[in-house]
Amino acid sequence: IKNGRFESTVLAISSKYQQLVRSGKDYVGGKDQFMKEIKKNNRNMIAFIIEEGDNVISNPETTPTSKFHALLLLKESVETQNTDFILQLNGHRQLWHTLEALGQHKKEVKSDDRGKDLFGATDTAQKKYSELFFRLLLECIQVWAEDYPLDNNNKNTRFAVVMNRLKQSGVKFPEKKYFFPALNTQKQKREPKKLKKTFDWEGAYAMLEENYELLSQSLEAGILEVDILQAFTQEIQQKIEAITSAMNKMFAEGEEVPEEYWNRYTEEANRSESILKAFNDFSAKKINDVMFSQMIQALIKPKQTPGAVSYTHLRAHETPEHLVCRLLLEKK
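From a predicted model like this one, the values you see are computed outputs, not experimental measurements.

> Pulling in residues and values, what's your account of the packing of aromatic side chains?
Considering all chains together, one arrives at 13 aromatic pairs under this definition. Note on Phe282 and Phe292: the rings are 4.5 Å apart at their centroids and 15° apart in plane angle, and the pair reads as stacked. A residue pair is termed long-range when its members are at least 10 positions apart, and Phe282 in helix α11 (residues 259–283) and Phe292 in helix α12 (residues 289–300) qualify at ten residues. Just as Phe282 is buried, Phe292 falls in that class too. Here the aromatic residues Trp96, Trp144, Tyr148 and Phe159 are joined through ring pairs into a cluster of three or more. For Lys67, the ring lying beneath its charged end belongs to Phe119, and the centroid distance is 5.1 Å. Lying over the aromatic face of Tyr178, Arg135 brings its terminal NZ or CZ to 3.7 Å of the ring centre.

> Please provide a residue-by-residue account of the side chain of Asn42, values included.
With respect to the secondary-structure elements, Asn42 resides in the loop between α2 (24–39) and α3 (43–58). The exposure class of Asn42 is buried, given its relative accessible area of 16%.

> How would you explain the packing of helix α6 (residues 93–103) against helix α8 (residues 158–168) if you had to name every residue and give the values?
Following both chains from N to C, one finds α6 and α8 inclined at 25°, their axes separated by 10 Å at the closest point. When the interaxial angle is binned, α6 and α8 end up roughly parallel. Taken as a pair, α6 and α8 cross one another with a handedness that is right-handed. Of the residues in α8, those touching α6 at Arg93, Trp96, Glu100 and Gly103 are Arg158, Phe159, Val162, Arg165 and Leu166. Class assignment of the residues belonging to the contact of α6 with α8 gives a composition of four nonpolar, one polar and four charged.

Calculation rules
- Residues numbered from 1 in each chain as written.
- Predicted model: local features only at pLDDT ≥ 70, side-chain atom pairs only at ≥ 80, totals over all residues.
- Heavy atoms only, no water.
- Phe/Tyr/Trp six-rings, centres within 6.5 Å; stacked < 30°, edge-to-face > 60°.
- Helix = DSSP H or I, 4+ residues; strand = E, 2+ residues; numbered from the N terminus.
- Buried < 20%, exposed > 50% of the residue type's maximum accessible area, 1.4 Å probe, protein only.
- Lys NZ or Arg CZ within 6 Å of the ring centre and 35° of its normal.
- Axes fitted to C-alpha atoms, helices over the stretch in contact; angles between N-to-C directions.
- Parallel < 35°, antiparallel > 145°, perpendicular 65-115°, else oblique.
- Left-handed = near helix turned anticlockwise from the far one by under 90°.
- Contact = heavy atoms within 4.5 Å.
- Nonpolar A, V, L, I, M, F, W, Y, C, P; charged D, E, K, R; others polar.

Following this line, the structure appears as structure tokens:
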């Protein structure tokens, strides 16, 4: 079932992507949903956009219109300055092999409109998109190479390597930028941009869910040794602290935390605090193993209970049997 859902989701996204690059109108109307995922640092979507971009650009059957919009999406994605996107784009060898080969087109001709017959189109509109693609290609290579000459390991990026090879082979890059107009008015040389490591929100919350699941499975298996349970609760707290630290760093640097991740953080912080309180009561023998297990499972799987669940709420709804057990333990 999971594989079926995954395949269905991929097909749906692929269909949206194909529609996106089909025309200028479709691109303007549909690009925001892809941009939103990149800003959320959705690494699966980042990989998908780059891979699909390579597929569309390298496929001889796709139209120049689609190729142009696939490259335009890569350009606008880079402009989000998402480090993961830039590093994945830089690391895609097949894509850069294709782009470098296309950049060699009619290098002996110095005219900026030499790209109109790049893909052999006969239709006037497709010739124009071929010209726009080629112009955008050369501008992207040049700007990306200047903005990101080094990767996060201080090694030359493929942006810089490909631009240098093209220049050495005699390729003429446009002096005036059509797709980066703001650069035409800059008189001083731009400083290279630093690739900042972005926080993997999706990964952090996925790891947190794994810890919850391991704790849940241990309780279901009847594993109630305090030292083992303590290790699980400490792992959960460490994950929460890592997310907290990442948020504090973003606040300190004046960056905005995506609303959905902030809301998720609030929920997870409350849940982990309740788990810790329950564990402390269990280790102090204030509640028995049955009630502890039920409390933790309710906290870990809140969708199975109506409304939000907290430790205080659970204690307030003790059954008479639970209450008697807890009072007897507290008297010991």
